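This is what each chain is made of:
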Amino acid sequence: MTREEHEEIKTLIDNGYLDINLRPLKCTKCESSNVSEAITDMQGGYPCESVASCGDCGQHLGYWCYGHWQA
């Protein structure tokens with residue numbers, strides 16, 4: 001991760017868009033806190049991947065894979 005990427009993520013956390021684990025809290029496009037998650041893969045009956053998007057404008061907000069969020 002570059003210094004610029006680190007600073008961008010820190011800013012998103014500080015401004016309430018992401019929590020400390022990078023889970024999306026509100027949309028960066030329309031400011032809505034209506035975040036929806038859709039499971040995209042399961043293994044053994046357990047979710048292992050999901051996508052978070054804004055429930056209002058559809059903006060992609062994050063990707064969760066095997067226990068970790070990616071912004």
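Throughout what follows, the structure given in this document is the object of discussion.

Basis of the calculations
Residues numbered from 1 in each chain as written. Predicted model: local features only at pLDDT ≥ 70, side-chain atom pairs only at ≥ 80, totals over all residues. Heavy atoms only, no water. Pairing = 2+ DSSP bridges. Helix = DSSP H or I, 4+ residues; strand = E, 2+ residues; numbered from the N terminus. Axes fitted to C-alpha atoms, helices over the stretch in contact; angles between N-to-C directions. Expected span 1.5 Å × (residues − 1). Core = buried A, V, L, I, M, F, W, Y, C linked by side-chain atoms within 4.5 Å. Buried < 20%, exposed > 50% of the residue type's maximum accessible area, 1.4 Å probe, protein only. Contact = heavy atoms within 4.5 Å. Salt bridge = Lys/Arg side-chain N within 4 Å of Asp/Glu carboxyl O.

Turning next to the sheet that holds strand β1 (residues 35-43). Read from one edge of the open sheet, four strands run β1-β2-β3-β4, paired in antiparallel fashion. The open sheet has two edge strands, β1 and β4 (68-70), and neither has a second partner. Recorded for the sheet is a direction-independent mean angle of 20° between the axes of neighbouring strands. Sheet topology places strand β3 (residues 60-65) next to β4; three bridges connect them, and they run antiparallel. Across the sheet, residue Cys-65 finds its bridge partner in β4, namely His-68.

With 12 residues, helix α1 (residues 3-14) extends 16 Å from end C-alpha to end C-alpha; this agrees with the ideal 16 Å at 1.5 Å per step. Within two residues after α1, Gly-16 carries a phi angle of roughly 85°, on the positive side.

One finds Ile-9, Leu-18, Leu-22, Ala-52 and Trp-69 forming the largest nonpolar core, which totals five residues. Non-local contacts of Ala-52, meaning those with residues more than four positions away in its chain, are made with Pro-24, Val-35, Ser-36, Glu-37, Gln-59, His-60, Leu-61, Gly-62 and Trp-69.

Where side chains of opposite charge bring their charged atoms close, a pairing between them can arise. Applying the stated criterion across every chain yields a total of three salt bridges. Across the pair Lys-10 and Asp-14 runs a salt bridge whose closest N-O atoms are separated by 2.8 Å. With Lys-10 and Asp-14 both in helix α1 and four residues apart, the pair spans about one turn of that helix. For Lys-10, a relative accessible area of 41% translates into the label partly exposed. Given a relative accessible area of 52%, Asp-14 falls into the exposed group.

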